[in-house]
Structures are given as structure tokens and as C-alpha cells.
Amino acid sequence: MILIENFSNDPAYNLALEEFLHLHRRPACDVFLLWQNEPTVVIGRHQNTHDEINRAYVEAAGVHVVRRNSGGGTVYHDLGNLNFSFLVDDRESGFHFERFTRPVIRTLAQLGVEAENSGRNDIAVAGRKISGNAQYRRNGRLLHHGTILYDSNLENLSKALNYAPEKYVSRAVASIRARVTNVCEHLPKKIDIAAFRDLLAKNVIAEYDIRPDTLDDAERRAILKLRDEKYRSWDWNYGHSPPFWTHTGLRKFSWGTLDFRLEVREGRVVSCAFYGDFFSADDPQTLVGHIIGLPFDRGTIENALTESEIHRVFPELSKDLLLEMIFS
């Protein structure tokens with residue numbers, strides 16, 4: 001495994017760097033990254049940007065909005081938040097987070113902070129979230145990345161994100177602020193985020209036998225091209241979020257929130273999308289392709305979808321329940 005030093009605070013560049021090292025660098029190799037962003041809302045791959053952000057605040061405060069490749073929920077970054085990424089060959093099936101959260105928990109323990117894996121993909125301290133993690137697998141490669149709320153502005157976090165109570169009803173929480181906390185609030189002895197970053201890097205380097213590496217000029221140009229053409233584009237960051245749907249369905253499951261949206265014109269399905277903070281084994285667009293153009297009729301759509309195709313995208317969702325969501 002190699003370490004690429006990255007001190008850019010530009011979210012579009014940082015996500016482009018991550019994607020390049022994950023999917024495009026040749027020869028491919030395992031990589032570890034640490035990085036920080038200027039104030040940014042990072043949207044999960046399958047989410048509707050318009051639903052997730054407080055647009056008035058985001059625009060007034062100059063907060064960046066970018067979409068990442070991985071599933072999962074929307075998160076807020078600022079310079080008090082530290083992000084870590086592992087980009088490795090995909091040797092396992094399913095979504096396993098503990099392998100990559102272990103160095104973070106161990107580093108916190110060295111500082112006197114007792115942290116633990118929590119829920120599906122979080123790290124918590126005293127029952128409150130300090131880290132959210134997400135994964136993305138393509139072409140035999142796995143990306144795992146996570147946030148660490150170290151000394152983030154939690155007031156700005158709560159202002160930037162739309163709060164949808166139906167997403168969190170099973171957790172019985174009152175607000176975003178009630179669910180999260182900063183690491184620095186729990187440190188017996190205070191250190192700044194730069195010292196924490198150095199300690200985490202040291203621990204990961206020791207655990208994974210990491211060596212430093214650098215990018216060449218051609219790789220830097222490729223990353224800048226990806227930044228400009230994808231991660232700074234309206235199409236990628238907002239264009240996947242349609243403005244109007246005639247049928248919607250939102251359901252909270254143990255494996256994530258699934259938001260189904262479908263538009264019908266003259267009795268036929270003309271557009272369809274799945275949003276949410278879920279992790280999918282395959283692209284939900286594979287299901288959409290079976291629905292587009294069909295009459296909005298339960299029997300027709302039921303015949304067009306198979307249980308196995310649904311499970312490739314949503315391993316824990318039954319065909320009957322998906323049909324119930326579509327036609328409820």
C-alpha cells in the first residue's frame with residue numbers, strides 16, 4: 001500500500017484524486033489518503049441533491065456542493081473534519097467497514113477517547129457519531145472512505161443540511177446536533193487536528209506497511225481534467241436530481257433509506273430513479289432500464305422485474321416490497 005500526500009482543500013480536486021487512484025491509475029495499487037475540504041456538502045451517489053441541502057444557506061455561505069461515487073448519506077465537511085480513504089483490490093463480497101475503521105478507533109484510544117463501531121457504518125463516542133463511512137466497488141476495486149469530526153463547526157453543519165425526520169424516526173433523535181459530536185470535546189489532553197492527522201497516518205502506515213509515493217505530471221493532468229469535467233459540473237452534482245415526479249415513495253430500512261421517484265406521462269413511465277443513503281451492490285440504473293417506457297401497470301412492471309435482478313442492487317429488498325413502494 002502507498003501513501004499519497006494531499007493537502008488540497010478543494011473538494012472537487014480531492015474527489016477527482018480519489019477516483020483517479022481508485023479506478024484509473026495504471027498499474028493499480030492499494031492507496032491510503034488523508035484529506036480535508038473547505039466547507040462542503042458531499043452528496044451520496046444515489047441521493048437527490050435538492051432534497052439534501054439547505055440551498056439558501058449553502059449559496060449564501062459559499063458552501064461547496066459535490067457528489068461522490070459511493071452510496072450512503074449526505075455529510076458536511078470543513079477544515080475541522082478529517083477524511084480518510086483506502087483504495088484497494090476488492091477481495092471480499094458485501095460491505096465490511098470494521099477493517100478500515102479499526103486504525104481510527106485505535107488512534108482515538110491512544111488519545112484516551114473510547115470509540116466504537118456503531119450501526120451500519122458509523123464510529124461513535126459516548127453514543128454520538130464522530131465518523132460516517134461509505135464504500136464503492138467497481139471493476140474489482142474497493143473504495144472505503146470516512147469522515148472524522150474532529151473540531152468541525154456543528155452549527156454550520158446543521159444549517160447546511162436539510163433535516164428529514166422520517167429518515168431518523170427509528171433512532172428517536174431530536175436533531176442533527178443531538179446525534180453528532182467532535183472528537184476534541186472528548187480528549188483528556190487537547191491536540192490540534194494537524195497533530196491528530198500525523199498520529200493517524202503513523203498508525204495506518206505501521207499497520208499496513210505503507211510507503212510514500214508521488215504523482216507524475218501526466219497523472220496530475222488527468223486528475224485536473226476529471227475535476228473540471230465531472231466534479232465541478234452541474235450535471236454530476238445536481239443533474240441527477242430531477243425537479244418533478246408524479247409518484248414518490250420513501251421507506252426506512254435497517255440497511256438504509258430508499259426514496260423511489262417515478263414520472264408517468266400518458267400512462268407510461270418516462271423517468272425513474274432510486275435515491276437514498278443505501279449501499280448498492282450494483283447500479284440502481286440497471287433496474288430503471290427495465291421500467292422505462294412500460295405502462296404504469298402493476299402486472300406489467302412485476303413481469304419486467306425479477307427477484308434476482310432486484311437483489312443484485314438491493315440484496316435485502318424483496319420484489320413484493322419494491323412493488324408495494326411503487327404502487328402504494
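Residues numbered from 1 in each chain as written. Predicted model: local features only at pLDDT ≥ 70, side-chain atom pairs only at ≥ 80, totals over all residues. Heavy atoms only, no water.

### Describing the pattern of salt bridges
Right, so step 1: Counted according to the given criterion, the structure contains 20 salt bridges.
Right, so step 2: The closest approach of N and O atoms between Arg55 and Glu59, which form a salt bridge, is 2.7 Å. Taken together, the positions of Arg55 and Glu59, both in helix 3 (residues 55-61) and four residues apart, correspond to about one turn of that helix.
Right, so step 3: Lys225 is the partner of Glu229 in a salt bridge, and the nearest nitrogen-oxygen pair spans 3.1 Å. Taken together, the residues span about one helical turn, with Glu229 and Lys225 both in helix 8 (residues 217-231) at a distance of four residues.
Right, so step 4: Overall, the relative accessible area of 49% leaves Lys225 in the partly exposed class. (Salt bridge = Lys/Arg side-chain N within 4 Å of Asp/Glu carboxyl O. Helix = DSSP H or I, 4+ residues; strand = E, 2+ residues; numbered from the N terminus. Buried < 20%, exposed > 50% of the residue type's maximum accessible area, 1.4 Å probe, protein only.)

### Considerations on helix 1 (residues 11-24)
Right, so step 1: Look at helix 1: 19 Å from first C-alpha to last across 14 residues, which is about the 20 Å you get at 1.5 Å a residue.
Right, so step 2: Counting buried residues along helix 1, 13 of its 14 residues qualify, which places the element largely inside the surrounding structure.
Right, so step 3: The opening residue of helix 1 is Asp10, an N-cap whose side-chain oxygen sits 3.1 Å from the backbone nitrogen of Ala12. (Expected span 1.5 Å × (residues − 1). Polar contact = N/O pair within 3.5 Å; in protein donor to acceptor, adjacent residues only side chain to side chain.)

### Re the sheet that holds strand 5 (residues 75-77)
Right, so step 1: An order of 4-3-5 is seen for the three strands of this open sheet, with the pairing classed as mixed. Taken across any chain shown, the strands that pair with only one partner, and hence form the sheet edges, are strand 4 (64-67) and strand 5. Between one strand axis and the next, the sheet turns by 25° as a mean value, whatever way the strands run.
Right, so step 2: Alignment of strand 3 (residues 40-43) against strand 4, held across four bridges, turns out to be parallel. (Pairing = 2+ DSSP bridges. Axes fitted to C-alpha atoms, helices over the stretch in contact; angles between N-to-C directions.)

### Some details on the confidence of the model for the protein chain
Detailed reading of predicted coordinates is not advised where the pLDDT is low.
Right, so step 1: Per-residue confidence for the protein chain averages 88 on the pLDDT scale, and 91% of its residues sit at or above 70.
Right, so step 2: Across the protein chain, element-level confidence peaks in helix 8 with a mean pLDDT of 98 and bottoms out in helix 6 (residues 176-179) with 62.
Right, so step 3: Segment residues 165-175: pLDDT under 50, and 16 contacts once partners within four positions in sequence are set aside and those in other chains are kept. (pLDDT = per-residue confidence, 0-100. Contact = heavy atoms within 4.5 Å.)

### What to know about helix 8
Right, so step 1: In a regular helix each residue adds 1.5 Å, so 15 residues correspond to 21 Å; helix 8 covers 20 Å between its end C-alpha atoms and thus fits that length.
Right, so step 2: Buried within helix 8 are the following residues: Glu219, Ile223, Leu226, Arg227, Lys230 and Tyr231. Angular distribution of buried residues about the axis of helix 8 spans 105°; they occupy a single face of the element. Opposite its buried face, helix 8 presents the exposed residues Asp217, Arg221 and Glu229, each directed more than 90 degrees away.
Right, so step 3: N-cap assignment for helix 8: the residue whose side-chain oxygen lies 3.1 Å from the backbone N of Ala218 is Asp216. (Arc of directions from axis to C-beta.)

### Some details on the packing of helix 4 (residues 98-110) against helix 7 (residues 193-208)
Right, so step 1: Remark: helix 4 packs on helix 7, axes separated minimally by 10 Å, with the N-to-C direction vectors making an angle of 130°. Between helix 4 and helix 7, the angle falls in the class oblique. Where helix 4 crosses over helix 7, the two elements pack in a sense that is right-handed. Together, Arg99, Phe100, Arg102, Pro103, Val104, Arg106, Thr107, Leu108 and Gln110 of helix 4 and Phe196, Leu199, Leu200, Asn203, Val204, Glu207 and Tyr208 of helix 7 make up the contact between the two elements. (Parallel < 35°, antiparallel > 145°, perpendicular 65-115°, else oblique. Left-handed = near helix turned anticlockwise from the far one by under 90°.)

### A few points about the packing of aromatic side chains
Right, so step 1: One pass over the structure, following the stated rule, counts 13 aromatic pairs.
Right, so step 2: Between the aromatic rings of Phe84 and Phe86, the centroid separation amounts to 6.3 Å while the plane-to-plane angle is 80°, which identifies the pairing as edge-to-face.
Right, so step 3: Centroid distance Phe97 to Phe279: 5.5 Å. Interplanar angle 50°. Geometry classified as tilted. A residue pair is termed long-range when its members are at least 10 positions apart, and Phe97 in the loop between strand 6 (81-89) and helix 4 and Phe279 in the loop between strand 14 (268-276) and helix 10 (285-291) qualify at 182 residues.
Right, so step 4: Phe279 gets classed as buried once you look at its relative accessible area, which sits at 9%.
Right, so step 5: Each member of the aromatic cluster is reached from another via a ring pair, and the members are Phe253, Trp255, Phe260, Phe274, Phe278 and Phe314.
Right, so step 6: Here Lys230 stacks its cationic end above the ring of Trp236, 4.2 Å away from the centre of that ring. (Phe/Tyr/Trp six-rings, centres within 6.5 Å; stacked < 30°, edge-to-face > 60°. Lys NZ or Arg CZ within 6 Å of the ring centre and 35° of its normal.)

### Remarks on the pairing of strand 2 (residues 31-35)
Right, so step 1: A large share of strand 2 lies buried, amounting to five of its five residues.
Right, so step 2: Read as a crossover between parallel neighbours, the route from strand 1 (residues 2-4) over helix 1 to strand 2 is right-handed.
Right, so step 3: In the sheet, strand 2 pairs with strand 6 via five bridges, with the strands oriented antiparallel. Bridging across to strand 6, Trp35 finds its partner in Asn83. (Right-handed = clockwise from strand over helix to strand, strands pointing away.)

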